[in-house]
Amino acid sequence: MTDKRLLRALAGEPVDRPPFWFMRQAGRYLPEYRATREQAGDFLELCYNPELAEEVTLQPIRRFGMDAAILFADILLLPQALGREVAFRAGEGPVLEPLTRTEDIPEMNAGRLHDHLGPVYETVGRLSNSLPADVALIGFAGAPWTVATYMVEGGSSKDYAAVKGWAFADGEGFGRLIDVLTEATGAYLKQQIRAGAEVVQIFDTWAGALPAAWLEPLVFGPLRRIVADIHESFPDVPVIGFPRGIGAAAERAAEIEGLAGLSVDWATDPRWAAERLQPHLTVQGNLDPRLVVVGGEPMRAAARDILRALAKGPFIFNLGHGIVPETPPEHVGELSDLVRNWKAE
């Protein structure tokens with residue numbers, strides 16, 4: 001038993017109200033974040049500065065009182081730790097050295113990985129001591145497929161032509177990259193847990209770019225292996241999966257053994273999620289972040305609809321993806337108050 005609502009919800013235990021947190025709750029919409037990022041110099045410097053990364057993780061907790069804080073980092077720290085070049089350019093986003101040949105797939109080297117990511121683990125350790133006693137600490141990583149898309153495309157993509165072309169034409173060769181990323185992701189998350197993370201979430205942001213037949217080898221299979229790897233060492237640490245954009249295939253994800261929670265995007269009908277997903281695990285989601293930009297009654301009505309549909313079962317209120325930079329902080333505050341004061345109808 002625990003007093004932390006998020007952990008109770010993930011264990012299927014009763015809570016007085018749904019716990020809540022928001023993806024990208026630490027970010028550019030907050031003026032205090034922008035000031036801290038300017039102090040750091042650039043985005044990667046902020047990720048690798050434990051004192052400043054701790055500070056930006058704590059900022060939304062101080063302001064809005066969420067039930068969980070998520071480690072401030074980025075999914076592309078992992079390929080950088082594997083030896084690939086990664087940069088973030090203003091107005092362009094992430095830029096990577098494109099991975100185009102099987103022979104250039106990096107080797108998994110646990111010592112090098114953990115040495116490079118040492119500052120991230122230090123941030124987790126600092127947060128485990130500085131968060132309020134009732135706030136859970138979430139660690140995270142990108143899923144192998146999503147991280148692979150950035151590595152092969154060299155950054156963001158509209159059609160994923162290069163990565164899908166490789167995956168479809170050379171399953172064995174591309175599978176080697178997925179295997180390396182699966183092993184590295186498990187090692188990374190386990191080290192976050194050793195440092196103090198109480199929950200971990202695996203973001204498969206671009207899962208919806210794949211045909212249904214390819215979800216098993218590239219999304220569900222790696223997720224299943226990572227969950228099993230984590231639970232071999234930490235059987236009581238809950239894992240949340242977020243394979244975004246997969247529609248009704250979320251039912252298959254919900255059946256993955258050991259998965260405690262499944263985050264769903266805003267296109268998922270919360271009544272369908274209550275009927276088809278909640279019998280298997282805790283559902284997390286799924287307000288459209290653009291509704292938080294708009295605010296007012298459209299935001300409140302949509303949030304109440306989600307709460308009515310899902311709050312009767314194991315549930316964590318969240319967004320269907322991350323807060324966008326133009327979101328007014330006062331709208332986040334209003335949404336936080338609505339969820340905090342929710343009473344079952």
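Residues numbered from 1 in each chain as written. Predicted model: local features only at pLDDT ≥ 70, side-chain atom pairs only at ≥ 80, totals over all residues. Heavy atoms only, no water.

Going by the annotation in an unreviewed UniProt entry, the name recorded for the protein chain is Uroporphyrinogen decarboxylase, with Minwuia thermotolerans given as the source organism.

Some points on the pairing of strand β4 (residues 136-142)
Within β4, seven of the seven residues are buried, which leaves the element mostly enclosed by the surrounding structure. Burial along β4 is two-sided: A136, I138, F140 and G142 facing one way and L137, G139 and A141 facing the other are all buried. Both strand β1 (residues 68-70) and β4 contribute to a ladder of three bridges, which runs parallel. Across the sheet, A69 pairs through a bridge with L137, a residue of β4. Where β4 lies against strand β5 (residues 199-204), five bridges are found, and the strand directions are parallel. Across the sheet, the residue bridging to G142 is F203, located in β5. (Buried < 20%, exposed > 50% of the residue type's maximum accessible area, 1.4 Å probe, protein only. Helix = DSSP H or I, 4+ residues; strand = E, 2+ residues; numbered from the N terminus. Pairing = 2+ DSSP bridges.)

Let's talk about the packing of helix α8 (residues 144-153) against helix α9 (residues 161-169)
Where α8 contacts α9, the two axes come as close as 8 Å, and the packing angle between them is 110 degrees. By the angle between their directions, the pair α8 and α9 is classed as roughly perpendicular. Classified by chirality, the crossing of α9 by α8 is right-handed. Where α8 abuts α9, its residues W145, A148, T149, V152 and E153 lie against A161, A162, V163, K164, W166 and A167. Looking at side-chain class alone, the contact of α8 with α9 contains eight nonpolar, one polar and two charged residues. (Axes fitted to C-alpha atoms, helices over the stretch in contact; angles between N-to-C directions. Parallel < 35°, antiparallel > 145°, perpendicular 65-115°, else oblique. Left-handed = near helix turned anticlockwise from the far one by under 90°. Contact = heavy atoms within 4.5 Å. Nonpolar A, V, L, I, M, F, W, Y, C, P; charged D, E, K, R; others polar.)

Things to note about the nonpolar core
With 128 residues, the main nonpolar core has F174, F317 and L335 as its most contacted residues. No other element matches the 10 residues that helix α10 (residues 171-195) contributes to this core. Those residues in contact with F174 that lie beyond four places of it in its chain are W145, A148, V152, V163, W166, A167 and L218. (Core = buried A, V, L, I, M, F, W, Y, C linked by side-chain atoms within 4.5 Å.)

Points about helix α7 (residues 118-130)
Think of an α-helix as turning once every 3.6 residues; residues three or four places apart then point the same way. Spanning 13 residues, α7 covers 19 Å between terminal C-alpha atoms, matching the ideal 18 Å at 1.5 Å per step. Of the residues making up α7, those classed as buried are V120, Y121, T123, V124, G125 and L127. The elements touched by buried residues of α7 are α3 (43-47), α4 (50-64), α5 (77-81), α6 (110-116), β4 and α10. (Expected span 1.5 Å × (residues − 1).)

Some details on the environment of I246
Mapping I246 onto the fold places it in the loop between β6 (239-243) and α12 (250-254). Take I246: its relative accessible area is 12%, and that puts it in the buried class. For I246 and L181, which are 65 residues apart along the polypeptide, the C-alpha to C-alpha distance reads 21 Å. The contact partners of I246, leaving out residues within four places of it in the chain, are A207, G208, L215, F220 and D265.

Description of the environment of A254
Take A254: it is sitting in helix α12. Separated by 45 residues in the primary sequence, A254 and M299 have C-alpha atoms spaced 27 Å apart. If we ignore the near neighbours within four places in the chain, the residues touching A254 are L262, L277, H280 and L281.

Here's the deal with the pattern of salt bridges
Scanning all chains against the criterion turns up 22 salt bridges. Among the ionic pairs, E13 bridges to R8, the shortest N-O distance being 3.6 Å. The class for E13 is partly exposed, based on a relative accessible area of 24%. In this structure, D229 engages K190 in a salt bridge whose closest nitrogen and oxygen atoms are separated by 2.8 Å. Note that D229 is positioned in helix α11 (residues 215-233) and K190 in helix α10, a separation of 39 residues in sequence. For K190, a relative accessible area of 14% puts it in the buried group. Each member of the salt-bridge network shares a partner with another, and the members are R5, D16, R17 and D67. (Salt bridge = Lys/Arg side-chain N within 4 Å of Asp/Glu carboxyl O.)

Some details on unusual backbone geometry
Backbone phi values are negative for most residues with the exception of glycine, while trans is the configuration of most peptide bonds. G285 connects to N286 through a cis peptide bond whose omega is -10 degrees. Tracing the backbone through its elements, the reader meets N286 in strand β8 (residues 282-287). Positive phi, normally seen in glycine, also occurs at Y160, with a value near 55 degrees. Positionally, Y160 belongs in the loop between α8 and α9.

A look at the UniProt feature "binding site: substrate" (unreviewed entry) in the protein chain
Taking the numbering used here, the UniProt-annotated feature "binding site: substrate" (unreviewed entry) corresponds to R24, Q25, A26, G27, R28, D74, Y150, T205 and H321. For the residues just named, distributed over 298 residues, the greatest C-alpha separation reaches 22.8 Å, placing them at more than one site. Along the polypeptide, Q25 turns up in the loop between α1 (5-10) and α2 (31-40). Within the structure, Q25 has its side chain in polar contact with the backbone nitrogen of F22 (distance 2.8 Å). The residues contacting T205, other than those within four sequence positions of it, are T146, F242, R244 and H321. (UniProt positions renumbered as here; feature names shortened; annotations may be inferred. Polar contact = N/O pair within 3.5 Å; in protein donor to acceptor, adjacent residues only side chain to side chain.)

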